[in-house]
Amino acid sequence: MASELMSNEIALLAIFLLSVFVGFEVVSKVSTTLHTPLMSGANAIHGVILVGAIVVADHAKTNLELGLALAAVILATINMVGGFVVTDRMLQMFKGKPKSKKDLGEGK
Amino acid sequence: MSRNLYDLIGLAAGICFILALKGLSSPKSARRGNLIGAVGATVATVIVFFYANEGKALNNQTLILAAIAFGTLVGVPAARKVQMTQMPQLVALFNGVGGGAAALVAIVEYLKLGDTASTAVVIATVFTVIVGCVSFSGSIITFLKLQEIMTTRPVIFPLGRQIIALTLIGVLASGGWVISAGGTTPLLVNGLLSLLFGVLFVLPVGGADVPIVISLLNAFTGLTVAASGYVLQTTLLIVAGTLVGASGTILTRLMADAMGRSLFGTLFGAFTAKAQASVGETEARPVKSGSPDDIAILLNYAQRVVIVPGFGLAVAQAQHTVRELADLLASKGVEVAYGIHPVAGRMPGHMNVLLAEANVPYEQLVEMEEINPTFPQTDVVLVVGANDVVNPAAKTTPGCPIYGMPILDVALAGNVIFLKRSMRPGFAGIENELLYETKTTLLFGDAKDSLTKVVSALKAL
């Protein structure tokens, strides 16, 4: 029993550490042009705390707990939905892609 | 739904988030990346309804759905209608509410668990409350700064350093109190002190550094989400939160590099910076101002013109007019390019978004490293509503708030034209010596009005 619990903790730790490395790796080379949309997109992703907010709203036993949990649901939804929409709006504007990156502004 | 199935779908959502971040790192796949992220988040949200209460409808399901509907009704119109110029502060706000949500989740779970919570869970709860509250109140302050509801300059108050240090000690001590004694009162104290710390932490940050702070708080919120994932034993939250925390940290560093700032200097620079020279005394110095006709002539006979757009252009909604001017010059055989400073506007890449909105061809947008060597061969630089990003003080005045930030070397060009609203210094609040140089011509007024006048003067030539 105790060892089972332990291995669960270790698994979570492993997941955490691997996610750190993936997170570092995946954005290590980004042009400044995309910094703002990337930040905004990452911002939307942590809106998935909505899942946690729904879980605690389901578990809530007292009115206080329920009230706080519902507030969390509202805030998390704003974060998640608003975040993805605003990121999409930003990226929509990059439609006219550069034809060849080489002569970017080199001109003559 | 079984735990295994739930975890598997959660894993798929986690992979969606990884692909989303990967996609967002490259211009070609950015939009698709964002969509993949949205799909992942939606799937994660939907399946929890089938899992959380062992397959039965959730307790309080109607209320939960109503709360989601309400959040959507607030978030979507805000995201849709916001002016692109005000987008950084909206991102800050979204980030803040996310941090607040994570803190609330941990608090509710803590209230529910009561004495049964293990020490590790209590520690994770305290972490979530502290960092979530700091992220929440800090983001609100950055919002107020960017919206210019409050001053954009560093706010430094007497004994500020001591007060911040004391508050931090209070935050940590009350956190320890929660862990050792438990109960709601310590948690409440901890939360309130953390909120206060978030305010104090962001107040001294100067306007130009605010984007870095937003990015940092974004990473903080990610970590908060990861910690609350541990409290709830939800793998997906750990994955998503950690991904954002890690990538956000890297992004913060990249941004700080682009601005030539050390992260440490950004966050604590306000404590060490000396008082800036007062603006009043220099305002009386003579500057050369020109009429739209003078400027049209300068532009007309130039071989090469570089336009340096700044936030003033965006505020005046002059993106379209500036493109008209550029097209007109190009039709007269003048070579035109835009010099884009990495942090032009209010955030790295913000200006690219704004100009793309006005259909400026992407090829004409030249990044700083590429355009800087071309300034000696440039006849005229037209600075539209920018100031800090061309301010030589960043190179010449150690101790000024932007010292060390790479700038566009417009002073190397033959002539420099500034379209400015007034002699007021830029966002960072620093005097610009370039304005007083003999090669500099100023045209005061709203950027759009000025550009329109220059365009009609140019057409008349």
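Residues numbered from 1 in each chain as written. Chains lettered and ligands numbered in written order. Predicted model: local features only at pLDDT ≥ 70, side-chain atom pairs only at ≥ 80, totals over all residues. Heavy atoms only, no water.

A tally of regular secondary structure across chain A gives four helices and zero strands. Tracing chain A from N to C terminus, the helices and strands come up as α-α-α-α. Surface accessibility of chain A: about 4900 Å² in total, with carbon and sulfur atoms responsible for 68%. (Helix = DSSP H or I, 4+ residues; strand = E, 2+ residues; numbered from the N terminus. Areas by Shrake-Rupley, 256 points an atom, 1.4 Å probe, with all protein chains shown as cover.)

Counting residues at the interface gives 103 residues for chain B, matched by 82 residues for chain A. Summing both sides of the interface, chain B and chain A together bury roughly 8400 Å²; the carbon and sulfur share of this comes to 74%. When residues of chain B are sorted by the area they lose upon contact with chain A, Arg31(B), Tyr362(B) and Glu363(B) head the list and together hold 8% of the total. The interface formed by chain B and chain A holds one salt bridge in total. Between Asp88(A) and Arg31(B) there is a salt bridge, and its shortest N-O distance comes to 2.8 Å. Across the contact surface, chain B and chain A share 17 residue pairs in polar contact (both at pLDDT 80 or more). (Contact = heavy atoms within 4.5 Å. Buried area = accessible area lost by both parts, 1.4 Å probe. Salt bridge = Lys/Arg side-chain N within 4 Å of Asp/Glu carboxyl O. Polar contact = N/O pair within 3.5 Å; in protein donor to acceptor, adjacent residues only side chain to side chain.)

Moving on, we come to the packing of aromatic side chains. Residues and elements named next belong to chain B. Following the criterion strictly, the structure yields two aromatic pairs over all chains and no others. Ring geometry for Tyr 6 versus Tyr 51: centroids 3.9 Å apart, planes at 10 degrees, classification stacked. With a gap of 45 residues between them, Tyr 6 in helix α1 (residues 3-24) and Tyr 51 in helix α2 (residues 30-51) connect regions that are remote in the sequence. An identical accessibility class is assigned to Tyr 6 and Tyr 51; each is buried. (Phe/Tyr/Trp six-rings, centres within 6.5 Å; stacked < 30°, edge-to-face > 60°. Buried < 20%, exposed > 50% of the residue type's maximum accessible area, 1.4 Å probe, protein only.)

A few words now on the nonpolar core. As a rule of thumb, soluble globular proteins bury nonpolar side chains together. Counting 128 residues, the largest nonpolar core has Leu299(B), Ile307(B), Leu325(B), Tyr338(B), Leu355(B) and Val384(B) as the members making the most contacts within it. Top element by residues in this core is helix α4 (residues 63-92) of chain A. It accounts for 14 residues. Residue contacts for Val384(B): discarding those within four places in its chain leaves Ile307(B), Val308(B), Pro309(B), Gly310(B), Leu313(B), Val322(B), Leu419(B), Ala447(B) and Leu451(B). (Core = buried A, V, L, I, M, F, W, Y, C linked by side-chain atoms within 4.5 Å.)

The terminal C-alpha atoms of helix α6 (residues 160-181) of chain B, which comprises 22 residues, lie 31 Å apart, in line with the 32 Å expected from a rise of 1.5 Å per residue. Gly182(B) sits one or two positions beyond α6(B) and adopts a positive phi of about 75 degrees. (Expected span 1.5 Å × (residues − 1).)

All right, on to the packing of helix α4 (residues 87-113) of chain B against helix α5 (residues 119-146) of chain B then. Residue and element names in this part refer to chain B. Where α4 contacts α5, the axes come no closer than 7 Å and their chain directions differ by 155 degrees. Viewed along their axes, α4 and α5 adopt a mutual orientation that is roughly antiparallel. Note on packing geometry: the crossing formed by α4 with α5 is left-handed. When the residues that make up the contact of α4 with α5 are grouped by side-chain class, the tally is 18 nonpolar, eleven polar and no charged. (Axes fitted to C-alpha atoms, helices over the stretch in contact; angles between N-to-C directions. Parallel < 35°, antiparallel > 145°, perpendicular 65-115°, else oblique. Left-handed = near helix turned anticlockwise from the far one by under 90°. Nonpolar A, V, L, I, M, F, W, Y, C, P; charged D, E, K, R; others polar.)

As a further point, take the pattern of salt bridges. All names here are of chain B. For the coordinates displayed, the defined rule picks out seven salt bridges over all chains. The closest approach of N and O atoms between Glu 109 and Lys 112, which form a salt bridge, is 3.7 Å. With a gap of three residues between them, Glu 109 and Lys 112 both fall in helix α4, about one helical turn apart. Looking at Glu 109, the relative accessible area reads 7%, which means it is buried.

To continue, consider the pairing of strand β5 (residues 415-420) of chain B. Residues and elements named next belong to chain B. In terms of burial, β5 is a largely internal element, five of the six residues being buried. Inspection of the sheet shows strand β4 (residues 380-384) paired to β5 by five bridges, in the parallel sense. The residue bridging Leu 382 from the neighbouring strand is Ile 417, located in β5. Two strands pair when backbone bridges link them, and β5 and strand β6 (residues 440-444) are joined in this way by five bridges, in the parallel orientation. Counted as the bridge partner of Lys 420 is Phe 444 from β6. (Pairing = 2+ DSSP bridges.)

All right, on to unusual backbone geometry then. Residues and elements named next belong to chain B. Not every positive phi belongs to a glycine, and Gln 233 is a case in point at roughly 55 degrees. Note that Gln 233 resides in the loop between α8 (210-232) and α9 (235-258). Notably, Asn 359 is not glycine yet its phi reads approximately 60 degrees, a positive angle. Looking at Asn 359, the relative accessible area reads 56%, which means it is exposed.

Further remarks concern the confidence of the model for chain B. Residue and element names in this part refer to chain B. Per-chain confidence: chain B averages 86 in pLDDT, with 93% of residues scoring 70 or above. Scored below 50 in pLDDT, residues 270-283 makes 17 contacts in the model with residues more than four places away or belonging to other chains. Predicted complex metrics record ipTM = 0.84 and pTM = 0.80. (pLDDT = per-residue confidence, 0-100.)

Right, let's talk about the environment of Pro398(B) for a bit. If you trace the backbone, Pro398(B) turns up in the loop between α17 (393-396) and β5. Sequence separation between Pro398(B) and Ile169(B) is 229 residues; the distance between their C-alpha atoms is 32 Å.

So, about the sheet that holds β5(B). Residues and elements named next belong to chain B. If you walk across this open sheet you meet the six strands as β3-β2-β1-β4-β5-β6, and the pairing is parallel. One side of each edge strand has no neighbouring strand; the edge strands of this open sheet are β3 (365-367) and β6. Neighbour-to-neighbour, the strand axes of this sheet turn through a mean angle of 25 degrees, independent of strand direction. Bridging between strand β2 (residues 335-340) and β3 involves three bridges; their strand directions are parallel. Bridge pairing in β3 places Tyr 338 opposite Leu 365.

The subject of this paragraph is the confidence of the model for chain A. Predicted confidence across chain A gives a mean pLDDT of 82, with 81% of residues reaching 70 or more. Across residues 96-108 of chain A, confidence stays below pLDDT 50; counting only partners more than four residues off in sequence or on other chains, it has 17 contacts.

Turning to the pairing of strand β1 (residues 304-309) of chain B, a few remarks are in order. All names here are of chain B. By the criterion of burial, β1 is predominantly enclosed, with six of the six residues buried. Burial along β1 is two-sided: the face carrying Arg 304, Val 306 and Val 308 and the face carrying Val 305, Ile 307 and Pro 309 are both buried. As paired elements, β1 and β2 share four bridges and run parallel to each other. By the bridge assignment for β2, Val 306 is matched with Ala 337. By the bridge criterion, five bridges tie β1 to β4 in an arrangement that is parallel. Each bridged residue has a counterpart across the sheet, and for Pro 309 the counterpart in β4 is Val 384.

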